[in-house]
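Breakdown of the fold
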Amino acid sequence: MRISFRDQRGRRIQETAVLEDLGEKGARISLSLPLTPGGQVGFHTAAFEVNAHVRYCELSDSGFAVGVDFAGNFRWDEKDWKPGHLLHLPTPENSPSDG
């Protein structure tokens, strides 16, 4: 997926991001550069584009982990688009029983 944002000089920057988690109101992405908490980013996927606000940016093993909240009334719905690469681990309610 891609994100876009303005740097300190006002230039528009586009960067490839790895989508790590996606929820109804926001997402967690991994980037090679930091983003400023409180800043705005454009969030571009195969199915939708939305503006988002940077909630946090933390140094991680693979670069920077960034949490974003979608702007406005946008809500992601798995029925509309489901990324194929996210890992869905079984929860106790839907995991197979041992006996």
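The preceding data block contains the structure.
In what follows, the accompanying structure is described.

Taken together, the five bridges between strand 1 (residues 2-6) and strand 2 (residues 12-16) define a ladder with antiparallel strand orientation. Pairing of F5 across the sheet is with I13, part of strand 2. What sits between the antiparallel neighbours strand 1 and strand 2 is a turn of five residues, in which G10 has the positive phi angle 90°.

As a further point, take the sheet that holds strand 2. Within the open sheet, the seven strands sit side by side as 2-1-5-6-7-4-3. Their pairing is antiparallel. In this open sheet, the two edge strands, each paired with only one partner strand, are strand 2 and strand 3 (18-22). Neighbour to neighbour, the strand axes of the sheet diverge by 35° on average, direction disregarded. As paired elements, strand 1 and strand 5 (residues 40-44) share three bridges and run antiparallel to each other. Bridge pairing in strand 5 places R2 opposite H44.

All right, on to the side chain of S30 then. Relative to the helices and strands, S30 resides in strand 4 (residues 26-31). In this view, S30 contacts A17, V18, E20, S62 and F64; residues no more than four positions away in its chain are not counted.

Another point: the environment of V66. Counting through the fold element by element, V66 comes out in strand 7 (residues 63-70). Sequence separation of V66 and V54 is 12 residues, and the distance between their C-alpha atoms is 7.0 Å. For V66, the contacting residues outside a window of four places in its chain are A27, R28, I29, L31, L35, V54, Y56 and C57.

Counted under the stated rule, the structure contains three salt bridges. When the shortest N-O distance is used, the salt bridge between R28 and E20 registers 2.9 Å. A salt bridge links R55 to D69; the shortest N-O distance between them is 3.1 Å. Here R55 is found in strand 6 (residues 49-60), whereas its partner D69 is found in strand 7, with 14 residues between them in sequence. Overall, the relative accessible area of 48% leaves R55 in the partly exposed class.

The next thing to look at is the environment of A46. Considering the arrangement of structural elements, one finds A46 in the loop between strand 5 and strand 6. When its relative accessible area of 78% is taken as the criterion, A46 is described as exposed. In the structure, A46 is positioned 44 residues away from R2 in sequence and 9.4 Å away in space, judged by C-alpha atoms.

This part covers the packing of aromatic side chains. This structure, assessed with the given rule, holds five aromatic pairs. Arranged with centres 6.1 Å apart and planes meeting at 20°, the rings of F43 and F48 form a pair that is stacked. By relative accessible area, F43 is classed as buried at 0%. Ring centres 5.2 Å apart and planes at 90° place the aromatic pair F70 and F74 in the edge-to-face group. Taking the relative accessible area as the measure of exposure, F70 reaches 7% and is therefore buried. In this structure F74 comes out as partly exposed when scored by relative accessible area, which is 23%. Taken together, the ring pairs connect F43, F48, F70 and F74 into an aromatic cluster.

Parameters at a glance
- Residues numbered from 1 in each chain as written.
- Predicted model: local features only at pLDDT ≥ 70, side-chain atom pairs only at ≥ 80, totals over all residues.
- Heavy atoms only, no water.
- Pairing = 2+ DSSP bridges.
- Helix = DSSP H or I, 4+ residues; strand = E, 2+ residues; numbered from the N terminus.
- Axes fitted to C-alpha atoms, helices over the stretch in contact; angles between N-to-C directions.
- Contact = heavy atoms within 4.5 Å.
- Salt bridge = Lys/Arg side-chain N within 4 Å of Asp/Glu carboxyl O.
- Buried < 20%, exposed > 50% of the residue type's maximum accessible area, 1.4 Å probe, protein only.
- Phe/Tyr/Trp six-rings, centres within 6.5 Å; stacked < 30°, edge-to-face > 60°.

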